[in-house]
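Examining the three-dimensional arrangement
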Amino acid sequence: MKNKFIQSRLYLKQMLEPEINSVTDNPVVFNENHTISGGNFHGQPIAMPLDYACLAASEIGNISDRRIYLSLEGDTPGVPKLLLKETGLNSGFMIPQYTTAALASENKGLCFPSSADSIPTSLGQEDHVSMGSIGARKALQVIENVEKILGVELFCAAQAVDFHAPMKSGKIMTALYEHVRTKIKHITEDQIMYEDMETAIEIIRSGELLTLAREVAEKEGLQLVTKWSGEFDRF
């Protein structure tokens with residue numbers, strides 16, 4: 001599954017780069033003696049990959065929400081239901097999962113491909129319109145929603161890890177966990193959680209966990225580079 005998401009991102013990159021760097025004017029005037037009637041201005045080559053990326057991003061959010069839900073079920077040894085020792089009067093992390101479920105559901109609605117639609121314009125001269133700009137806006141909205149879902153998962157995961165103490169994970173994961181815990185404290189009873197959720201979302205959005213992971217890997221001599229790493233250097 002992970003490889004398919006990587007391939008989806010690479011496909012979008014491979015389609016966008018040539019189109020962004022291409023000439024789409026009509027006509028293309030090089031000089032007074034050299035003019036070419038191009039007409040290569042249709043947006044479908046970008047519109048369809050954007051719809052594909054929108055779907056792939058939505059799937060990441062949907063899977064993340066499922067992990068959050070399963071972490072609350074109480075089936076993991078040592079980890080209590082709703083990620084709270086004292087439930088009953090306390091709802092624990094139930095509402096954060098409501099949030100991710102709503103965001104994942106919204107993303108599914110946004111995944112209908114914009115490139116499947118077309119309304120002729122310009123007195124019929126533009127007979128088939130890719131609607132790529134709509135696809136791009138939807139893709140950005142889905143990605144923003146996924147950032148929020150992943151942030152809530154980070155919030156829940158840190159809480160779950162607390163119950164495994166004194167056991168620790170590997171050096172990179174431990175460093176990431178400790179970093180999160182400098183900004184978000186363990187929760188013992190119901191409280192207003194949106195501030196912690198927003199903090200976790202910002203941690204995801206900033207990319208600081210990736211930076212920290214690379215720093216720890218370099219310090220400890222651990223390998224983070226994969227066969228795809230070079231493909232994303234300029235993406």
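Look above for the structure.
Residues numbered from 1 in each chain as written. Predicted model: local features only at pLDDT ≥ 70, side-chain atom pairs only at ≥ 80, totals over all residues. Heavy atoms only, no water.

What follows concerns the overall build of the protein. If you tally the helices and strands in the protein, you get 7 helices and 2 strands. Helices and strands in the protein line up, N terminus first, as α-β-β-α-α-α-α-α-α. On C-alpha atoms alone, the protein measures out to a radius of gyration of 23 Å, which is more than a quarter above the 18 Å that the 2.2 N^0.38 rule sets for 235 residues. Along the three orthogonal principal directions, the C-alpha set of the protein runs to about 80 × 45 × 30 Å. Classification of the 235 residues of the protein by burial places 34% in the buried group. Considering only contacts within the protein whose residues lie at least 6 apart along the sequence, 71% involve residues at least 24 apart. Summed over its atoms, the accessible surface of the protein is roughly 14800 Å², and 57% of this surface lies on carbon and sulfur atoms. Put simply, the protein has 22 plus and 31 minus side-chain charges, and the middle of one group is 7 Å from the middle of the other. (Helix = DSSP H or I, 4+ residues; strand = E, 2+ residues; numbered from the N terminus. Rg over C-alpha atoms; globule rule 2.2 N^0.38 Å. Buried < 20%, exposed > 50% of the residue type's maximum accessible area, 1.4 Å probe, protein only. Contact = heavy atoms within 4.5 Å. Areas by Shrake-Rupley, 256 points an atom, 1.4 Å probe, with all protein chains shown as cover. Lys, Arg positive; Asp, Glu negative; His and termini not counted. Charge placed at Lys NZ, Arg CZ, Asp CG, Glu CD.)

Reported here for the second largest pocket is a volume of approximately 200 Å³. Lining the second largest pocket, in full, are Arg67, Ile68, Leu70, Ser71, Thr76, Val79, Glu153, Cys156, Ala157, Ala160, Val161 and His164. Listed by contribution, the elements that provide at least two residues to the lining of the second largest pocket are α2 (44-72) and α4 (132-162). Among the elements that line the lining of the second largest pocket, the one with the most residues is α4, at 5 residues. Of the residues contributing to the lining of the second largest pocket, the split by class is 7 nonpolar, 3 polar and 2 charged. (1 Å grid on protein atoms, 1.4 Å probe; cavity = no way out; pocket = protein on both sides within 12 Å on 5 of 7 lines; lining within 4 Å. Points joined across faces, edges and corners; volume = space filled by probe spheres on them. Nonpolar A, V, L, I, M, F, W, Y, C, P; charged D, E, K, R; others polar.)

In this section: unusual backbone geometry. Residue proline 166 follows alanine 165 across a cis peptide bond; omega there is 10 degrees. Within the secondary structure, proline 166 is located in the loop between α4 and α5 (171-181). One non-glycine residue, serine 122, lies in the positive phi region at around 55 degrees. Relative to the assigned elements, serine 122 resides in the loop between α3 (94-110) and α4.

Right, let's get into helix α6 (residues 194-206). End to end, α6 covers 18 Å across 13 residues, agreeing with the expected 18 Å (1.5 Å per residue, within 8%). Taken together, the buried positions of α6 are Asp196, Met197, Ala200, Ile201 and Ile203. Seen end-on, α6 carries its buried residues on one side only, within an arc spanning 155 degrees. Exposed positions of α6 whose direction lies more than 90 degrees from the buried face are Tyr194 and Glu195. Lining the buried residues of α6 we find α3, α4 and α7 (208-220). Of the residues trailing α6, glycine 207 is marked for its positive phi of about 80 degrees. (Expected span 1.5 Å × (residues − 1). Arc of directions from axis to C-beta.)

Along the chain, threonine 174 falls in helix α5. Ignoring anything within four residues of it in the chain, the contact list for threonine 174 reads Lys168 and Ser169.

Moving on: the pairing of strand β1 (residues 28-31). With 3 bridges connecting them, β1 and strand β2 (residues 34-36) associate as antiparallel partners. The partner of asparagine 31 across the bridge, within β2, is histidine 34. Taken together, β1 and the strand that follows it, β2, pair antiparallel across an intervening segment of 2 residues. (Pairing = 2+ DSSP bridges.)

Between α4 and α6, the least distance of the axes is 7 Å, while the angle of their chain directions is 115 degrees. The orientation of α4 relative to α6 falls into the category roughly perpendicular. Note that α4 runs across α6; the crossing there is right-handed. Counting all contacts with α4, which are made through Glu147, Lys148, Leu150, Gly151, Val152, Leu154 and Phe155, the residues of α6 involved are Asp196, Met197, Ala200, Ile201, Ile203, Ile204 and Arg205. Considered class by class, the residues forming the contact of α4 with α6 number 9 nonpolar, 1 polar and 4 charged. (Axes fitted to C-alpha atoms, helices over the stretch in contact; angles between N-to-C directions. Parallel < 35°, antiparallel > 145°, perpendicular 65-115°, else oblique. Left-handed = near helix turned anticlockwise from the far one by under 90°.)

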